[in-house]
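One letter stands for each residue in the lines below.
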Amino acid sequence: MASFTILRCLCLLFLSSSLSMAAPPKRAIDVPFQKSYVPTWANDHIKYINGGNEIQLSLDKYTGTGFQSKGAYLFGHFSMHIKMVPGDSAGTVTAFYLSSTNSEHDEIDFEFLGNRTGQPYILQTNVFTGGKGNREQRIYLWFDPTKDYHSYSVLWNMYQIVFFVDDYPIRIFKNSKDLGVRFPFNQPMKIYSSLWNADDWATRGGLEKTDWSKAPFVASYKGFHIDGCEASAQQTFCATQGKRWWDQRAFEDLDGLQYRKLAWVRQRFTIYNYCTDRSRLPVMPAECRRDRDV
C-alpha cells in the first residue's frame, strides 16, 4: 500500500509538472526610446516626452514618420505600449513589426487600421517567410485602443511565433518546416514602427479616405522593450542559441490558460482568417491546423 501511494504521488507530480510546462513570457522591462531605437524618417514628426520615456508620432498631409531598432535580432521577446490615433483615424495605419532586409525577407507584423469615429479599430497580423506572406488575419480589439496604453508584443523562438495583446495570445505561428512551410530562423530582424497614410486600402478597402482636416494624427508610445539575441545582418546563427529563457522547453508551446484565451479571442473577435478563405486559397495552407486556426 505504501509503495502504491508513493507511486501515485510521483505520477501526480509528473502530471502536474507536465501540465505546467508552458509559461508566459518574462515581464517586459520599460526603457527610454533612445536606448534601443533611432528615427528612420521625418524626425521632426517625432515628439519626445519625459526624457524619451514616451514619444508621439504624428501624421499630416505631407508625411508620416517612423523609427527602427539600432540592432537586429535572431529570436527573443519584443514589446511596446501604444495608444492609437484617437477620433476619426480612417485611412491611417500604425504599424509595429519585425523585418529582415534581404529580397526573400522574413517579417512579423502588427498593423492597426484606423476607422471613422465610433467604429472599432482593426488589428491585422501577418507573417512573411522567405518573402512569402498572404497570411493575413484580422480581429477587432475588445477595448478602445485610443483611450489608454496597451501592450503589443511578439515572442519568437525556434518553436513558434506568438502575437500578444496585453497578456492575451491572439495568434500563433508554429514551426512547421516538417510540413514544408518555411519558418523564420536564420535572418536577423530589426524592429520597426511607423504611422502613415494608407487610405488606398486601410479602411473599408480604400472606400474611406483620410480626412486631413483632422490632422495631425498622433499615436503615442512607451515601453520599448527588447530582450533578444543581437546579431549582425549577415549572421545566420545566434551565439547564445539554446541558452536564453525563450529557448527553454516552457516556451515551446502555449499553456492551457493561454490556449483558452486564444480561443476566446478567435471565437469572439475574428473578422478575417486566411486559413478559412477558400475563394482566395482553395487548398487550406499546411500550417493552419497546427496553428489551431481552424
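Residues numbered from 1 in each chain as written. Predicted model: local features only at pLDDT ≥ 70, side-chain atom pairs only at ≥ 80, totals over all residues. Heavy atoms only, no water.

Quick look at the sheet that holds strand 9 (residues 137–140)
Within a sheet, neighbouring strands are paired by backbone hydrogen bonds and run either parallel or antiparallel to one another.
(1) Moving on: Spatial ordering of the open sheet is given by 1-4-13-6-7-8-9-15, a layout of 8 strands whose pairing is antiparallel. At either end of the open sheet lies a strand with only one pairing partner, and these are strand 1 (37–41) and strand 15 (270–273). Pairs of neighbouring strands in the sheet enclose a mean axial angle of 15°, with direction left out of account.
(2) Moving on: The sheet contact formed by strand 6 (residues 92–99) and strand 13 (residues 190–197) spans 8 bridges and is antiparallel. By the bridge assignment for strand 13, serine 99 is matched with lysine 190.
(3) Moving on: Strands strand 9 and strand 15 of the sheet are contacted by helix 3 (residues 256–269), whose axis makes an angle of about 95° with strand 15. (Pairing = 2+ DSSP bridges. Helix = DSSP H or I, 4+ residues; strand = E, 2+ residues; numbered from the N terminus. Axes fitted to C-alpha atoms, helices over the stretch in contact; angles between N-to-C directions. Contact = heavy atoms within 4.5 Å.)

Concerning the environment of histidine 81
(1) Moving on: Tracing the backbone shows histidine 81 in strand 5 (residues 72–83).
(2) Moving on: Between the C-alpha atom of histidine 81 and that of threonine 146, which follows or precedes it by 65 residues, the distance is 12 Å.
(3) Moving on: If we ignore the near neighbours within four places in the chain, the residues touching histidine 81 are Asp30, Tyr149, His150, Ser151, Ser220, Tyr221, Lys222 and Gly223.

Quick word on the environment of serine 194
(1) Moving on: With respect to the element layout, serine 194 can be found in strand 13.
(2) Moving on: Residues contacting serine 194, with those up to four places away along its chain left out, are Trp41, Leu57, Thr65, Gly66, Val93, Thr94, Ala95, Tyr97 and Tyr221.

Here's the deal with the nonpolar core
(1) Moving on: Counting residues in each nonpolar core, the largest one holds 61 residues, and the members touching the most others are Phe67, Phe110, Tyr152, Trp156, Ile161, Ile191 and Tyr221.
(2) Moving on: The leading source of residues in this core is strand 14 (residues 217–231), at 7 residues.
(3) Moving on: Counting 6 residues, the second largest nonpolar core, distinct from the first, contains Ala95, Leu113, Ala198 and Ala202. (Core = buried A, V, L, I, M, F, W, Y, C linked by side-chain atoms within 4.5 Å. Buried < 20%, exposed > 50% of the residue type's maximum accessible area, 1.4 Å probe, protein only.)

Let's talk about the UniProt feature "glycosylation site" (unreviewed entry) in the protein
(1) Moving on: Within this numbering scheme, the UniProt entry marks Asn115 as carrying the feature "glycosylation site" (unreviewed entry).
(2) Moving on: Residues within four places of asparagine 115 in sequence aside, it is in contact with Gly87, Asp88, Ser89, Ala90, Pro120 and Thr203. (UniProt positions renumbered as here; feature names shortened; annotations may be inferred.)

Considering the UniProt feature "active site" (unreviewed entry) in the protein
(1) Moving on: When the UniProt feature table is mapped onto this chain numbering, "active site" (unreviewed entry) sits at Glu107 and Glu111.
(2) Moving on: Mapping glutamate 107 onto the fold places it in strand 7 (residues 107–113).
(3) Moving on: Excluding its chain neighbours within four sequence positions, the residues that come into contact with glutamate 107 are Tyr97, Leu98, Ser99, Asn126, Val127, Phe128 and Met189.
(4) Moving on: With respect to the helices and strands, the residue glutamate 111 is situated in strand 7.
(5) Moving on: Glutamate 111 sits in the buried class, given a relative accessible area of 15%.
(6) Moving on: Discounting chain neighbours no more than four positions away, the residues touching glutamate 111 are Val93, Thr94, Ala95, Ile122, Leu123, Gln124, Trp196 and Trp201.

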